[in-house]
Amino acid sequence: MMNTARKVEQKPSIQTMPKKVLRKRSSAFTLGEKVIAAVFAAFVCFASLHIITAQAEIYSTNKEIQQLESDIVAMENVNNDLTIQVSQMSTYERVWEKAKELGLSLNDSNVKVVQQP
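Residues numbered from 1 in each chain as written. Predicted model: local features only at pLDDT ≥ 70, side-chain atom pairs only at ≥ 80, totals over all residues. Heavy atoms only, no water.

### Re the overall build of the protein chain
Within the protein chain one finds three helices and zero strands. Along the protein chain, from the amino end to the carboxyl end, the secondary structure elements read α-α-α. Out of the 117 residues belonging to the protein chain, those deemed buried represent 1%. For the protein chain, the accessible area works out to roughly 12400 Å², and carbon and sulfur atoms hold 62% of it. (Helix = DSSP H or I, 4+ residues; strand = E, 2+ residues; numbered from the N terminus. Buried < 20%, exposed > 50% of the residue type's maximum accessible area, 1.4 Å probe, protein only. Areas by Shrake-Rupley, 256 points an atom, 1.4 Å probe, with all protein chains shown as cover.)

In structure tokens, the structure reads:
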């Protein structure tokens, strides 16, 4: 029995700490993939900015066109009103009244009839 005890004493148990293996952290993406993703993201941002700018220009142009169309309609209404006013003021009776107010008289020998086209 002694041998067994002696063997235990002779071989004391030495606990060794396991060495920590330092692994190099590798990301899921390579540098090339990251560069490609960054370029793609920049392109998407640039394209979206370009589209938004174009839409803003289209909107402002359409707004200007609508404003011009409303101005044209207003001017056509004014022109129509003025045409009606000219036709009312150029009647024979009104011309004759204005002539009397200014002291003019009708002399049949001086009257010339002009045909309208």
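What follows picks up the thread again.
### A word on the layout of surface pockets
Reported here for the largest pocket is a volume of approximately 180 Å³. In terms of lining residues, the largest pocket is bounded by Tyr92, Val95, Trp96, Ala99, Ser105, Leu106, Asn107, Asn110 and Val111. When the residues that make up the lining of the largest pocket are grouped by side-chain class, the tally is six nonpolar, three polar and no charged. (1 Å grid on protein atoms, 1.4 Å probe; cavity = no way out; pocket = protein on both sides within 12 Å on 5 of 7 lines; lining within 4 Å. Points joined across faces, edges and corners; volume = space filled by probe spheres on them. Nonpolar A, V, L, I, M, F, W, Y, C, P; charged D, E, K, R; others polar.)

### Side note on the confidence of the model for the protein chain
Here the protein chain averages 86 in pLDDT, and 85% of its residues register 70 or above. Mean pLDDT across the elements of the protein chain bottoms out in helix α1 (residues 2–10) (56) and peaks in helix α2 (residues 31–89) (97). (pLDDT = per-residue confidence, 0-100.)

### Section: a nonpolar patch on the surface
Together, Tyr92, Leu106, Val111 and Val113 line one region of the surface with nonpolar side chains, adding up to about 450 Å² of accessible area. Following the sequence through the fold, Tyr92 ends up in helix α3 (residues 92–101). (Patch = residues over 30% accessible without salt bridge, like charges linked within 9 Å, V, L, I, M, F, W, Y side chains within 5 Å. Salt bridge = Lys/Arg side-chain N within 4 Å of Asp/Glu carboxyl O.)

### Quick notes on α3
Burial analysis of α3 places just one of its ten residues in the buried class, a small minority of the element. Downstream of α3 by a residue or two, Gly103 has a phi angle that is positive, lying close to 85°.

### Comments concerning the UniProt feature "coiled-coil region" (unreviewed entry) in the protein chain
UniProt feature "coiled-coil region" (unreviewed entry): in the numbering of this structure it lies at residues 51–85. Annotated as 100% helix and 0% strand, the span residues 51–85 places its first and last C-alpha atoms 51 Å apart. (UniProt positions renumbered as here; feature names shortened; annotations may be inferred.)

### Overview of the pattern of salt bridges
Evaluated as defined, the whole model comprises one salt bridge. Close ionic contact of Glu101 with Lys98 constitutes a salt bridge, the shortest N to O distance being 3.7 Å. With Glu101 and Lys98 both in helix α3, this residue pair falls three residues apart, about one helical turn. In this structure Glu101 comes out as exposed when scored by relative accessible area, which is 59%.

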